[in-house]
Amino acid sequence: MPDVSIIIPLFNEEESLPELTDRIGKVMAAEGLSYEVLMVDDGSTDSSWEVIRRLAAADSRIKGLSFRRNYGKSAALYCGFARAAGDVVFTMDADLQDRPEELPEMYRMIKDGGYDVVSGWKQHRRDNPLTKNLPSKLYNATARLITGIRLHDMNCGLKAYRNEVVKNIEVYGEMHRYIPYLAKNAGFGKIGEKPVQHERRKFGKSKFGMSRFVNGFLDLLSLWFLSTFGKKPMHFFGFSGLLMFLIGFVMTIWIIAGKLIHQANGLKFRAVTDQPLFYLSLVAVLLGVMLFLAGFICELISRSSSDRNHYNIKSEL
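Residues numbered from 1 in each chain as written. Predicted model: local features only at pLDDT ≥ 70, side-chain atom pairs only at ≥ 80, totals over all residues. Heavy atoms only, no water.

S.K.: Outline the sheet that holds strand β1 (residues 4-10), supporting the account with residue identities and numerical values.
M.R.: Ordered in space as β3-β2-β1-β4-β6-β5-β7, the seven strands form an open sheet in which the pairing is mixed. In this open sheet, the two strands that pair with only one neighbour each are β3 (62-66) and β7 (191-196). Strand-to-strand twist across the sheet, computed as the mean angle between neighbouring axes with direction ignored, equals 20°. Here strand β5 (residues 117-122) pairs with β7 via six bridges, running parallel. Across the sheet, serine 119 pairs through a bridge with glutamate 193, a residue of β7. Across the sheet, helix α2 (residues 48-58) lies against β1, β2 (35-41) and β3, angled at about 150° from β3, the strand it touches most. (Pairing = 2+ DSSP bridges. Helix = DSSP H or I, 4+ residues; strand = E, 2+ residues; numbered from the N terminus. Axes fitted to C-alpha atoms, helices over the stretch in contact; angles between N-to-C directions. Contact = heavy atoms within 4.5 Å.)

S.K.: Lay out helix α4 (residues 103-111) with the relevant residues and their values.
M.R.: Every buried residue of α4 is listed here: Leu103, Pro104, Met106, Tyr107, Met109 and Ile110. Packed against the buried residues of α4 are β1, α1 (17-31), β4 (88-91), β5, β6 (159-162) and β7. (Buried < 20%, exposed > 50% of the residue type's maximum accessible area, 1.4 Å probe, protein only.)

S.K.: An account of the packing of α1 against α2 is needed here, citing residue identities and associated values.
M.R.: The contact between α1 and α2 brings their axes to 10 Å, and the two run at 35°. Seen from above, α1 lies across α2 with right-handed handedness. Contacts between α1 and α2 involve Leu17, Pro18 and Thr21 from the first element and Ser48, Val51, Ile52 and Leu55 from the second. Residues that form the contact of α1 with α2 fall into these classes: five nonpolar, two polar and no charged. (Left-handed = near helix turned anticlockwise from the far one by under 90°. Nonpolar A, V, L, I, M, F, W, Y, C, P; charged D, E, K, R; others polar.)

S.K.: Describe the pairing of β2, and please don't skip the residues or the numbers.
M.R.: For β2, the tally of buried residues reaches seven of seven residues, placing the bulk of the element in the interior. Here β2 shows no split at all, with Tyr35, Val37, Met39 and Asp41 on one side and Glu36, Leu38 and Val40 on the other all buried. The pairing of β1 with β2 spans seven bridges and is parallel. The residue of β2 that forms the bridge with proline 9 is valine 40. A crossover connection joins β1 to the parallel β2 through α1; in handedness this β-α-β unit is right-handed. Once you follow β2 into α2 and on to β3, the crossover reads as right-handed. (Right-handed = clockwise from strand over helix to strand, strands pointing away.)

S.K.: So, the pairing of β5: which residues are in play, and what are the values?
M.R.: The buried fraction of β5 is high, at five of six residues. Bridge count for β5 against β6 is three bridges, and the pairing is antiparallel. Paired with serine 119 across the strands is lysine 159, a residue of β6.

S.K.: Explain the nonpolar core residue by residue, including any values.
M.R.: Nonpolar side chains in soluble globular proteins generally cluster together in the buried interior. Membership of the largest hydrophobic core comes to 32 residues, with the highest contact counts inside it found for Ile6, Ile8, Ile24 and Phe90. Listed by contribution, the elements that provide at least two residues to this core are β1, α1, β2, α2, β4 and α4. If we skip the residues at most four places from it in the chain, isoleucine 24 touches Ile6, Ile8, Tyr35, Val37, Met92 and Pro100. With 28 residues, the next largest nonpolar core counts Tyr178, Leu182, Ala183 and Leu220 among its residues. (Core = buried A, V, L, I, M, F, W, Y, C linked by side-chain atoms within 4.5 Å.)

S.K.: So, the side chain of arginine 99: which residues are in play, and what are the values?
M.R.: With respect to the helices and strands, the residue arginine 99 is situated in the loop between β4 and α4. With sequence-adjacent residues up to four places away left out, arginine 99 is seen in contact with Arg23, Met92, Leu158, Gln197 and Glu199.

Read these as layout, nothing more, since geometry by itself doesn't imply function.
In structure tokens, the structure reads:
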């Protein structure tokens, strides 16, 4: 078993791979660590796979996996995690913006500091302030608020994990942005960060646009909902439905009672069906019933799920 596994998801990064693997080799040799590099080619259209094959032929510690088409970073990390054998598992981008020289200190934070996850923190980003830096700050502030994890850079590609962490989480969709949150929900609560130097891109161009921030926020809401109510959906839908139903029911009774009181005292009154509030109350009642039924159906689905009794066991005597 190697000391370190380094997972590198990539898409059209042919120019940077030789330099990246060379720098990784020098760093690991200086630290006296055994290692493996798992390069996951996410459907590249350039000659990235040919470069990986040449590197793997020259060094048995370099391994490759190539997708038939572009599936996304989460899929690449999922496959890399499944194959990682190292005691400490690193993820890093292939564009040379993540420095291999940061790995030894992050390794020590895992092995000696007792951390489950260590995330890089690009304190001084070398990106466009308007299109990258400002949206990134807003995104990370929102992520800290929702997840409760005090990381400055949740989406940094340079991270270190204990091997058992990556074997107990499932990365799918675009959830690679929230692996620390997935780890926390799996019971790995000691999560730290290390300031790292951010390099300018030497080759090619960024594969991510502004849409990643919108998609990232939506994914964060989905992940929060699933982690909070995934196994107890009735607690959310049932409570919301009952609350909506009661609001609508009380409004209806109040409107009808007001009309009857005015009628009994010979006062001028409006017909119940002439009042817009009556229709709003009916809508509230119907929404309440629908939400309650949605919670009931979700509860039935949840109870029939194959992993309804899946728990991460830390130790057993």
